[in-house]
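The residues making up each chain are set out below.
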Amino acid sequence: GYRHVGTARTPEEQDDIPVIEKNNIKIAFLSYTYCMNGSDLTPGKEYMANSLRLNKPDTDISLIRRHIAIAKERGADIVVAILHWSVEFETYPIENVMKMGHRIMECGVDIILGGHAHVAQPMEKYSFFDPYEKRRKDGFIIYSLGELVSVNLLSKNSWLANLIRLEISKGTENGAALVKITGLQVLPIFTCFRQFRDGGSDYRVLDFRRVMQDLHDGNNPYGLG
């Protein structure tokens, strides 16, 4: 019964955009991938995955526009796009991806949550004209959150990532009713992975601030270098 997005068993399910209501605020979720890890979509069943070449500047994003329209028809106050894009292990997003993020946001997306780079990348507050609300507003792009469950032992940059908490509020501003992003909290996390001689292993997702404080205080419970 858990809602999902980005993959589908039927063409109808591909357009069944999930809209979650919480505290009288409706949030729609969209999801797209720039590749299938070397595989191709089954001919005639392209609806099974929302695959778009997001890393290329001239990619047709009419599928995203269609899904945004469906989300708005279902009363979405906020539209979130979860994007698998960019280049692996690059600390900064490539220019094509930044331009694509702006293009997608200008279609009516409020928040972009990026992944695939395997490392944390910068965040951007982007001002754009919303074609549905007919006003300028601020959107928020997280180009890459980084890793949460994967382990890349050869890339130390991938051991650091972020957990994000965005506050969404509903109210009035200058006499107009609206919903907007009103708060941001970022928790930096550190992936600690240890292999033992007996073949066992230890995997932990740690609060990076506490890790640094422990090291500052002379404590090193995880044997960090």
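Scroll up to find the structure.
Fair warning: this is a prediction, and the values are worked out from it, not measured in the lab.

Criteria and cut-off values
- Residues numbered from 1 in each chain as written.
- Predicted model: local features only at pLDDT ≥ 70, side-chain atom pairs only at ≥ 80, totals over all residues.
- Heavy atoms only, no water.
- Core = buried A, V, L, I, M, F, W, Y, C linked by side-chain atoms within 4.5 Å.
- Buried < 20%, exposed > 50% of the residue type's maximum accessible area, 1.4 Å probe, protein only.
- Helix = DSSP H or I, 4+ residues; strand = E, 2+ residues; numbered from the N terminus.
- Contact = heavy atoms within 4.5 Å.
- 1 Å grid on protein atoms, 1.4 Å probe; cavity = no way out; pocket = protein on both sides within 12 Å on 5 of 7 lines; lining within 4 Å.
- Points joined across faces, edges and corners; volume = space filled by probe spheres on them.
- Nonpolar A, V, L, I, M, F, W, Y, C, P; charged D, E, K, R; others polar.
- Polar contact = N/O pair within 3.5 Å; in protein donor to acceptor, adjacent residues only side chain to side chain.
- Pairing = 2+ DSSP bridges.
- Axes fitted to C-alpha atoms, helices over the stretch in contact; angles between N-to-C directions.

Caption draft 1: Fine view of the nonpolar core. With 30 residues, the main nonpolar core has Leu54, Trp85, Ile104 and Ile112 as its most contacted residues. Sorting the residues of this core by element identifies strand S2 (25–33), helix H2 (62–73), strand S3 (78–84), helix H3 (95–105) and strand S5 (123–130) as the ones contributing at least two each. Non-local contacts of Leu54, meaning those with residues more than four positions away in its chain, are made with Tyr32, Thr33, Tyr34, Thr59, Ile64, Leu83, His84, Trp85, Met100 and Ile104. Counting six residues, the second-largest nonpolar core is a separate cluster that includes Ile25, Ile78, Val80 and Val179.

Caption draft 2: Structural detail: empty space enclosed by the protein. Inspection of every chain in the model, using the stated rule, returns one cavity of 30 Å³ or more. Taken together, Val211, Asp214, Leu215, Asn219, Asn220, Pro221, Tyr222 and Leu224 make up the lining of the largest cavity. Across the lining of the largest cavity, the residue classes tally to five nonpolar, two polar and one charged.

Caption draft 3: Representation of the side chain of Thr59 in the model. Residue placement: Thr59 occurs in the loop between S2 and H2. Looking at Thr59, the relative accessible area reads 11%, which means it is buried. For Thr59, the side chain forms a polar contact with the main-chain oxygen of Lys56, separated by 3.2 Å. When neighbours within four sequence positions are excluded, Thr59 is seen to be in contact with Leu52, Arg53, Leu54, Met100 and Arg103.

Caption draft 4: Fine view of the sheet that holds strand S1 (residues 19–22). Judged by pairing direction, the sheet is mixed, and its six strands sit side by side in the order S1-S2-S3-S4-S6-S5 without closing on themselves. The sheet terminates laterally at S1 and S5, the two strands that pair on one side only. The sheet shows a mean angle of 25 degrees between the axes of neighbouring strands, taken without regard to direction. Taken together, the seven bridges between S2 and S3 define a ladder with parallel strand orientation. Bridge pairing in S3 places Ile27 opposite Ile78. Strands S2 and S3 of the sheet are contacted by H2, whose axis makes an angle of about 165 degrees with S2.

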